[in-house]
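Observations on the model geometry
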Amino acid sequence: MFESDGWVKLPAFFDKATVNTLEDAILDIYHTQARKIKDYQNLPRDMRAILTAMEANDKDILYECLKMIPQSLAVRSVYGAEFAQKLADYCGADPKTTLIEGPSLFANNPETSRVSYKLHTEALFYSKRRKFCNVWTPLYGPRTKENGAMIVLPGSHLDHWDMSKATEYTGFDIKSKGKEKWGWQIEIPPKQVEKYKVEYTEATPGDIVVFHRNLVHGTGINITDQIAFALVCRVWDYSTDYSFSANMNTMAYKNGDVGRPDLVC
Ligand SMILES: O=C(O)CCC(=O)C(=O)O
Ligand SMILES: [Fe+2]
């Protein structure tokens, strides 16, 4: 399945206790930050309520919460050597030289597509990284086609995707194009992928979806009235990268990378 389709769902990979650990630790971050602010004193300890309230005036604080997630000891406890070992085969990685980037929380909010992503491959964003895969898991409720589970194009990972097949901009549509604090898109235009069928990574918390660096995927449209969540991390092996940078997303073409002559890998 992973080899031919470029993605696979591993049902109940995390047990209930692990899901609770993740959900609680992340909610603690958002709730504790919100409680420092007078306007949010009466908010319930609920991710959807906190995000909805802060989206209007406190996007910068939401970003800081996001950055705290991988620094939470409880969150980190879930992603140990054992996790790397289990995923190593999918990524072509050696667990000994495997690192984890993230996790990061994707909130698919029917009210805004500010952090939604058009069709892309991860390799376009992480162009210096040769061995990695993404791990996507629902949190705070199941993901369905209706609430915008991730869109994947099975088999597209076997095609060749480079920057000449993508268009870059900030925003999601013409109304949001160029807006600050909106996502950076490296979009593969729909015309390029007409021949592929579309699937949705429907899953429940605890299931993980592992996908290939070259798989074309994007954010599904959430047509419900509830924010839907996914937690995403990248498992990557730096041992054969032609880069010495510790930043997973070291920037190609921008003199931002750390390279050297005489590489032997
Ligand atoms: O679930 C989404 O919104 C898309 C996530 C995505 O692009 C990714 O995990 O790489
Ligand atoms: Fe992605």
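Look a little higher up for the structure.
Quick look at the structure, then. (Residues numbered from 1 in each chain as written. Chains lettered and ligands numbered in written order. Predicted model: local features only at pLDDT ≥ 70, side-chain atom pairs only at ≥ 80, totals over all residues.)

**Concerning the overall build of the protein**
Summing up its helical and strand segments, the protein has 7 helices and 10 strands in all. For a compact globule of 265 residues, the expected C-alpha radius of gyration is about 18 Å, and the protein comes in at 18 Å, within 12% of that figure. If you line up the protein on its principal axes, its C-alpha atoms span 60 × 40 × 40 Å. Long-range contacts, defined here as pairs at least 24 residues apart, represent 79% of the contacts in the protein between residues at least 6 apart. (Helix = DSSP H or I, 4+ residues; strand = E, 2+ residues; numbered from the N terminus. Rg over C-alpha atoms; globule rule 2.2 N^0.38 Å. Contact = placed C-beta atoms within 7 Å.)

**A look at the site of ligand 1**
In the vicinity of ligand 1, the residues found are Phe106, Asn108, Tyr117, Glu122, Asn134, Trp136, Met150, His217, Thr219, Ala230 and Val232. Of the residues assigned to the shell around ligand 1, the class counts are 6 nonpolar, 4 polar and 1 charged. (Near = placed C-beta within 6 Å. Nonpolar A, V, L, I, M, F, W, Y, C, P; charged D, E, K, R; others polar.)

**Some words on the sheet that holds strand E7 (residues 199-200)**
The strand order E7-E4-E9 describes an open sheet built from 3 strands, whose pairing is antiparallel. The open sheet is flanked by E7 and strand E9 (217-218), the only strands paired with a single partner. Here strand E4 (residues 151-152) runs beside E7; their pairing, made up of 2 bridges, is antiparallel. Looking at the pairing, valine 152 lines up with glutamate 199 of E7. (Pairing = 2+ DSSP bridges.)

**Observations concerning the packing of helix H2 (residues 16-34) against helix H4 (residues 59-68)**
Axis separation between H2 and H4 bottoms out at 9 Å; the angle between their running directions is 145 degrees. When the axes of H2 and H4 are compared, the crossing they make is right-handed. Between H2, through Ile29, Tyr30 and Gln33, and H4, the contact on the second element is made entirely by Ile61, Cys65 and Met68. By residue class, the composition of the contact of H2 with H4 is 5 nonpolar, 1 polar and no charged. (Axes fitted to C-alpha atoms, helices over the stretch in contact; angles between N-to-C directions. Left-handed = near helix turned anticlockwise from the far one by under 90°.)

**Quick notes on unusual backbone geometry**
Residue glycine 102 is joined to proline 103 through a cis peptide bond whose omega torsion reads 5 degrees. Residue position: proline 103 is located in strand E2 (residues 98-108). Its identity as a non-glycine residue notwithstanding, alanine 12 has a phi of 50 degrees, on the positive side. Looking at the element boundaries, alanine 12 is found in the loop between strand E1 (7-10) and H2. Judged by the 12 C-beta atoms lying within 10 Å of it, alanine 12 is exposed. (Buried ≥ 20, exposed ≤ 12 C-beta atoms within 10 Å, placed from the backbone.)

**Quick notes on the environment of glycine 171**
Along the chain, glycine 171 falls in the loop between strand E5 (167-170) and strand E6 (184-187). Along the backbone, glycine 171 and tyrosine 117 are 54 residues apart, and their C-alpha atoms lie at a distance of 9.0 Å. Other than its neighbours up to four places away in sequence, glycine 171 contacts Ser176, Lys177, Gly178, Lys179 and Trp182.

**Some points on H2**
The end-to-end C-alpha distance of H2 is 27 Å, a good match for the 27 Å that 19 residues give at a rise of 1.5 Å each. Within the span of H2, buried status applies to Val19, Leu22, Ile26, Ile29, Tyr30 and Ala34. Taken end-on, H2 shows its buried residues confined to a sector of 135 degrees, consistent with a single buried face. Exposed side chains of H2 directed beyond 90 degrees from the buried face belong to Lys16, Ala17, Asn20, Asp24 and Thr32. (Expected span 1.5 Å × (residues − 1). Arc of directions from axis to C-beta.)

**A few points about the nonpolar core**
The nonpolar side chains of a soluble globular protein tend to be buried, and buried together. The biggest cluster of nonpolar side chains holds 55 residues, and the ones touching the most others in it are Leu87, Cys133, Val135, Val210, Phe211, Phe229 and Val235. Those elements that place two or more of their residues in this core are H2, helix H3 (47-57), H4, helix H6 (81-91), E2, strand E3 (131-139), strand E8 (208-212) and strand E10 (228-237). Top contributing element to this core by residue count: E10, with 7 residues. Discounting chain neighbours no more than four positions away, the residues touching valine 235 are Ala84, Leu87, Cys91, Ala93, Thr98, Ile100, Phe132, Cys133 and Val135. (Core = buried A, V, L, I, M, F, W, Y, C linked by C-beta atoms within 7 Å.)

**A look at the packing of H2 against H3**
Contact geometry of H2 with H3 gives a least axis separation of 10 Å together with a crossing angle of 45 degrees. One finds that H2 runs oblique with respect to H3. Considering how the two elements wind past one another, H2 and H3 form a crossing that is left-handed. On H3, the residues touching Leu27, Tyr30, His31 and Ala34 of H2 are Met47, Ile50 and Met54. Its residues assigned to classes, the contact of H2 with H3 shows 6 nonpolar, 1 polar and no charged. (Parallel < 35°, antiparallel > 145°, perpendicular 65-115°, else oblique.)

**Considering the sheet that holds E10**
Here 5 strands make up an open sheet; going across it, the order is E1-E8-E3-E10-E2 and the pairing antiparallel. The outermost strands of the open sheet, each flanked by one partner alone, are E1 and E2. Shown here is a sheet whose adjacent strand axes are inclined to one another by a mean of 20 degrees, direction ignored. Of the pairings in the sheet, the one linking E3 to E8 comprises 4 bridges and is antiparallel in character. By the bridge assignment, tryptophan 136 is partnered in E8 with valine 209.

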